[in-house]
Amino acid sequence: MTAAIAITTSGGFLLVLSVLLPVAGIILSLVTGGRYASSITLGLTPFGFALACAIAFCVGRTGNPVTYAIGGLPPPLGIALRADGASAVMLVVTAMILSAAALYAREKFTTRRGGGESRSALTFWIMLQAIWAALTIIFVGGDLFNLYVALELLTFAAVPLVCIDGRAETLAAALRYLLFALFGSISYLLGVALFYGAHGTLDIQLLAHRVEPTPVVWTAAALMTAGLLAKTALFPLHLWLPPAHANAPAAASAVLSGLVVKGSFFLALRLWFYVLPELPTGQAVAVLGGLGSAAVIAGGVLALRQARLKLLIAYSTVSQIGYLFLVFPLAAGAQAWSTIGWSAGLMQVVAHAFAKAAMFLAAGVLAEAAGHDQIAKLGGAARALPLTFLTLALGGLSLIGLPLSGGFSAKWLMLQASVASGQWVWSIPILAGGLLAAGYMYRVLAPALSDGEISMQSPPRRCPQAVALALTMIALALGFAPQAFFDFIEIGRPLVGAS
Amino acid sequence: MNILPFLDILLASLIVTVAASTVVARDLFAAVVSYVAYGLLLAFVWIRLYAPDVALTEAAVGSGVTGVLLITAGKRLAAIRKAEPEAQPGPALKWLTGALAVLVACALAAAILMLPDVPPSLAPEAVTAASGPGAGLGNPITAVLISYRSFDTMLEKVVLILAVVGVWSIGKDAAWGNAPAPLGRSRPSPAMVFLAQILAPIGTLIGIHIFWVGADAPGGAFQGGALLAAMWMVAMMARFDEPPRIDAKWLRLGLVAGPAVFLVVGLAGISMAGNFFAYPPGFAKPIIIFIEAFMVLSIAVALPLLVAGPPSEGYET
Amino acid sequence: MSPSTLAGLVGATLVGLGLYGLVLHPHPLRKLLAFNVIGNGVFLVFGIIARRGAAAGLSFDPVPQAMVITGIVVAFAASALAVALILGLYSEAGRVTLDPDAWTKPGPEEGK
């Protein structure tokens, strides 16, 4: 197929604007000083959300991906941006969760009137906007080296958020995160080098037409995947995640667990489903599925043993990330069940993003109100903080995969795909993971619902509670996603239907 | 020309030996010094690979500025702590890791040897594009960096800003707004002062020159900016100048100048040339040099800030 | 053996050496040094690809070289961030270790 690749389509300019908007926000925040950083971020948030919706609208209206060749130069010499159905959904999800985190953290990281610039305020708002910019490029980028720069931007934005409160343990967790992430990036970059050496281009679509199952390509794919696995904290490279996510401030944890790890996962999807789908990937994706299963079990078991709520939620993330990697064996190829597997995978990404973000925000409310997050001392907390525990319970519903939640849809679709494809073995971790999740949610909710008196240090604030509850309701509402949603996320995916 | 392969092999063995010394040296300071030496050797390799731009960047940034960063870090760490008995990994782990490292190296070497002989590269297109109406530049790397893959370069400037803010954020709350600790001792050695007096003005001129000719000859914004950054650091190490307060307006403006100008020109491209990040034909070269000038400023400001570190409350010496 | 093949093999060796150091050394600054060694190895691989991409009129392929320049600057920024974290950790806690068990303190009164 020698059709012209990546001609700029209508609406393509929106892609560039959606990247440049948060970048402009970062520049403005740094220059005007930290006092205005929160206003700038919150002010730009609705525009970012509007751009994401506009892009989704364009994709849905034409039924084709929206593309833009930067500088008017199409690949292989230039860089292209490409938003397909999955990208558009992730852009909207990112906008919503980042806006929620911004609203949640508004009071904590705002400078009081008359105060000068403060370290934590400037850092928080700049890093938040940088995460937005980086994730946008990750979701719409079409060039592998461009995506490498975006991955580095994401890491440099996420790491300072982990240690923003300056305590020694957060600094150590941030350092560990940085080292793992740097290993991930350099491994990814090495894979990129080999791809370029073998095929002379780094554009995803062009590469897809040129790749062949040679040892060089497999080595490159293995290196890139290893790097992305380290960044996504897939077992056994998950060691950095629990301390980093548990000790960050609540809004940061929500963004880190909900969105940041999904960025590198999305690139793994791009590699295996957009660059390499024509190759015989059967054994490789089975390995990924196996690691995912191990993650589901290991994360769940470790979550059961945690004494702190935030650590429990962080290990739950490790477990739920394992589900994400079951997409690889369940959506490979072009059979009818691949579509189901793909829908399952994306639904899991989106549902987990909302549910986990909601749970971290709720845990933040609890920690602020009670002064600690030790599970053993949560007796009677549900009566003191009803909204917060409702949020936790509903979020847990989605994590377990109980009906009428996004998580249920995802796991149900995964079971369907595993049965339809004859890969029965994957249903074991899916079901076991659900049981483990039920176990650790019970560990949290049982003492909270019991009789007991929890001593509150300060009353919970309403706005953060409302934000957390809203996110968890969205996670539940995803259970009602219409078929149009699943058709939408198929737009632009190679090997679908035809061929 | 038959001495060259022998020299190549000598260079290669030297690099591997020094790199091994960096990795397995017992003492931290020895490892850092090995790393700086190895960086300089690498610059030679880049010249052998017909990559003078990269050689310049490696010498200035990869070995030079990184070396200052690591040596400063090593000194600050070693100054206070005694020889801390670290938990050395057991022999089993060493063998396992060694096996893994050998496996990865061999797989990579095999992949490299199996790369297609004449890879389908973009070089011919870039040549015609660079000298053609596309950019009119004589240095194709500058054309790639600022014209064809300008999006990458702009994002990389943003990454630099992020790193600076990240480094600043590690300071204490009470110290926010102050200046970082001075780079040099309170009584710098006369040799250092002499070096700074001679080197800084010459180096600054050379840096500007490298940036200016970078459009048509080896050089460019990164190399020129890195050299200017190094000169500022030399001046700070000789205590001619102090690290600035991080809330200084001029500092903030200098830091964002590069990406900000890049952003504005990129956005303006849609009215000037019909596409974001496009340059109108005929005006490409002046616009590129204009953008590069601000990039030089930002790089010259950002690199020393990254070495200077977070703001500090009082001066340590 | 052409210079570019030799350089490629050197790059592969550097990646192996650096990986060994990155995994094994407990001290974060040594890990950072090892990471930089890996990084240089990767850049060498880019470099030989640039050299092999020589074609009519040019003795190298500029695209990989541009990527290496970008990579060198990004690697420096990463090193600076890591050094700041290491020094900050040292000044905050008096020791530098990545072992998470070193930071967990037992006792019920230790809360969030």
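Residues numbered from 1 in each chain as written. Chains lettered and ligands numbered in written order. Predicted model: local features only at pLDDT ≥ 70, side-chain atom pairs only at ≥ 80, totals over all residues.

## Describing the overall build of chain A
Scanning chain A from terminus to terminus reveals 20 helices and two strands. The C-alpha atoms of chain A give a radius of gyration of 22 Å, which matches the 23 Å a tight globule of 499 residues would have. Oriented by its inertia axes, the alpha-carbon framework of chain A measures out at about 70 × 55 × 40 Å. Across the 499 residues of chain A, 68% fall into the buried class. Sequence separation of 24 or more characterises 80% of the internal contacts of chain A that already satisfy a separation of 6 or more. (Helix = DSSP H or I, 4+ residues; strand = E, 2+ residues; numbered from the N terminus. Rg over C-alpha atoms; globule rule 2.2 N^0.38 Å. Buried ≥ 20, exposed ≤ 12 C-beta atoms within 10 Å, placed from the backbone. Contact = placed C-beta atoms within 7 Å.)

## Considerations on the overall build of chain C
Looking only at helices and strands, chain C has three helices and zero strands in total. N-terminal to C-terminal, the α/β element order of chain C is α-α-α. In chain C, which comprises 112 residues, the share counted as buried stands at 71%. Considering only contacts within chain C whose residues lie at least 6 apart along the sequence, 49% involve residues at least 24 apart.

## Some thoughts on the interface of chain A and chain C
Taken together, the 28 residues of chain A in the interface contact 30 residues of chain C. Of all the secondary-structure elements, those providing two or more residues to the side of chain A that touches chain C are helix H5 (144–162) and helix H6 (168–199) of chain A. With 17 residues, the top contributor of residues to the side of chain A that touches chain C is H6(A). Partitioning the side of chain A that touches chain C into residue classes produces 20 nonpolar, four polar and four charged. (Nonpolar A, V, L, I, M, F, W, Y, C, P; charged D, E, K, R; others polar.)

## A short note on the pairing of strand S2 (residues 80–83) of chain A
Residue and element names in this part refer to chain A. A two-sided burial pattern is seen for S2, the buried positions comprising Ala80 and Arg82 on one face and Leu81 and Ala83 on the other. Both strand S1 (residues 66–69) and S2 contribute to a ladder of four bridges, which runs antiparallel. In the strand pairing of S2, Val66 is matched with Ala83. (Pairing = 2+ DSSP bridges.)

## Quick look at the interface of chain C and chain B
Contacts between the two partners involve 67 residues from chain C and, on the opposite side, 73 residues from chain B. Sorting the residues of the side of chain C that touches chain B by element identifies helix H1 (3–24), helix H2 (28–52) and helix H3 (62–93) of chain C as the ones contributing at least two each. At 22 residues, H3(C) tops the list of elements feeding residues into the side of chain C that touches chain B. Counted by class, the side of chain C that touches chain B contains 46 nonpolar, 17 polar and four charged residues.

## Regarding the packing of H5(A) against H3(C)
Orientation of H5(A) relative to H3(C), taken along the N-to-C sense of each, is 10°, at an axis distance of 12 Å. Put simply, H5(A) runs roughly parallel to H3(C). Contacts from A:Phe145, A:Val149, A:Glu152, A:Phe156 and A:Val159 of H5(A) reach H3(C) at C:Met67, C:Thr70, C:Val74 and C:Leu81. Here the residues of the contact of H5(A) with H3(C) sort into seven nonpolar, one polar and one charged. (Axes fitted to C-alpha atoms, helices over the stretch in contact; angles between N-to-C directions. Parallel < 35°, antiparallel > 145°, perpendicular 65-115°, else oblique.)

## What about helix H2 (residues 37–62) of chain A?
All names here are of chain A. Taking 1.5 Å as the rise per residue, H2 with 26 residues should run 38 Å; its terminal C-alpha atoms sit 37 Å apart, in good agreement. Where H2 bends most, at Thr45, the angle is about 30°, and the proline Pro46 comes one to four residues later. Along H2, the positions that sit buried rather than exposed are Ala37, Ser38, Ile40, Thr41, Thr45, Gly48, Leu51, Ala52, Ile55, Ala56, Cys58 and Val59. The secondary structure elements touched by the buried residues of H2 are helix H1 (13–32), S1, S2, helix H3 (85–105) and helix H4 (119–140). Backbone geometry just after H2 places Gly63 at a positive phi near 70°. (Expected span 1.5 Å × (residues − 1). Bend = angle between axes of the 7 residues up to and from the residue.)

## Observations concerning the nonpolar core
A general tendency of soluble globular proteins is for nonpolar side chains to be buried together. Counting residues in hydrophobic clusters, the biggest one holds 378 residues, and the most contacted among them are A:Ile55, A:Ile97, A:Ile131, A:Leu153, A:Leu361 and C:Leu81. Among the elements that line this core, the one with the most residues is helix H14 (residues 336–370) of chain A, at 24 residues. Two domains each put at least three residues into this core: domain 1 (1–80) and domain 2 (127–308) of chain B. For C:Leu81, the residues in contact, after removing those within four places along its chain, are A:Phe156, A:Val159, A:Leu178, B:Ala163, B:Gly166 and B:Val167. (Core = buried A, V, L, I, M, F, W, Y, C linked by C-beta atoms within 7 Å. Domains from an automatic or database assignment.)

## A word on the confidence of the model for chain A
Residues and elements named next belong to chain A. In this model, chain A carries an average pLDDT of 89, and 97% of its residues clear a pLDDT of 70 or more. Per-element averaging of pLDDT across chain A places helix H15 (residues 381–384) at the bottom with 80 and H5 at the top with 96. Taken together, the stretch residues 1–6 has pLDDT below 50 and engages in 15 contacts with residues farther than four places along the chain or on a different chain. (pLDDT = per-residue confidence, 0-100.)

## With respect to the environment of B:Gly184
Along the polypeptide, B:Gly184 turns up in the loop between helix H7 (150–169) and helix H8 (190–213). Apart from residues lying up to four places away in sequence, B:Gly184 is in contact with B:Met192, B:Met236, B:Met237, B:Ala238 and B:Arg239.

## Here's the deal with H4(A)
Here H4(A) spans 32 Å end to end across 22 residues, near enough to the 32 Å set by a 1.5 Å rise per residue. Within H4(A), 21 of the 22 residues are buried, leaving the element largely enclosed by the surrounding structure.

## What to know about the packing of helix H4 (residues 91–113) of chain B against H1(C)
Their axes nearest at 8 Å, the elements H4(B) and H1(C) cross at an angle of 155°. Overall, the two elements H4(B) and H1(C) adopt an arrangement that is roughly antiparallel. Along this stretch, H4(B) crosses H1(C), giving a crossing that reads as right-handed. Counted together, B:Lys94, B:Thr97, B:Gly98, B:Leu100, B:Ala101, B:Val102, B:Val104, B:Ala105, B:Leu108, B:Ala109 and B:Ile112 of H4(B) and C:Gly8, C:Leu9, C:Ala12, C:Thr13, C:Val15, C:Gly16, C:Leu17, C:Leu19, C:Tyr20, C:Val23 and C:Leu24 of H1(C) form the full contact between these two elements. The residue makeup of the contact of H4(B) with H1(C), split by class, is 16 nonpolar, five polar and one charged. (Left-handed = near helix turned anticlockwise from the far one by under 90°.)

## Notes on the environment of B:Leu253
All names here are of chain B. Relative to the helices and strands, Leu253 is located in helix H10 (residues 249–272). By the C-beta count within 10 Å, which is 15 here, Leu253 ends up partly exposed. Distance in space between the C-alpha atoms of Leu253 and Pro91 is 53 Å, their sequence separation being 162 residues.

## Some points on unusual backbone geometry
Residue and element names in this part refer to chain A. The omega torsion across Pro75 and Pro76 is 10°, close enough to zero to call that bond cis. Along the chain, Phe235 connects to Pro236 via a cis peptide bond; the corresponding omega equals 0°. The topology assignment puts Pro236 in the loop between helix H8 (215–232) and helix H9 (241–247). A positive phi angle, near 65°, is found at Leu404, a position not held by glycine. For Leu404, a count of 13 C-beta atoms within 10 Å gives the class partly exposed.

## Describing the environment of B:Leu70
Residues and elements named next belong to chain B. By the secondary structure assignment, Leu70 is in helix H3 (residues 52–80). Distance in space between the C-alpha atoms of Leu70 and Ile291 is 31 Å, their sequence separation being 221 residues. Setting aside residues up to four positions removed in sequence, Leu70 forms contacts with Val32 and Tyr35.

## What about the confidence of the model for chain C?
Averaged over every residue, the pLDDT of chain C is 83; residues scoring 70 or more account for 81%. As scored by the predictor, the complex reaches a pTM of 0.94 and an ipTM of 0.93.

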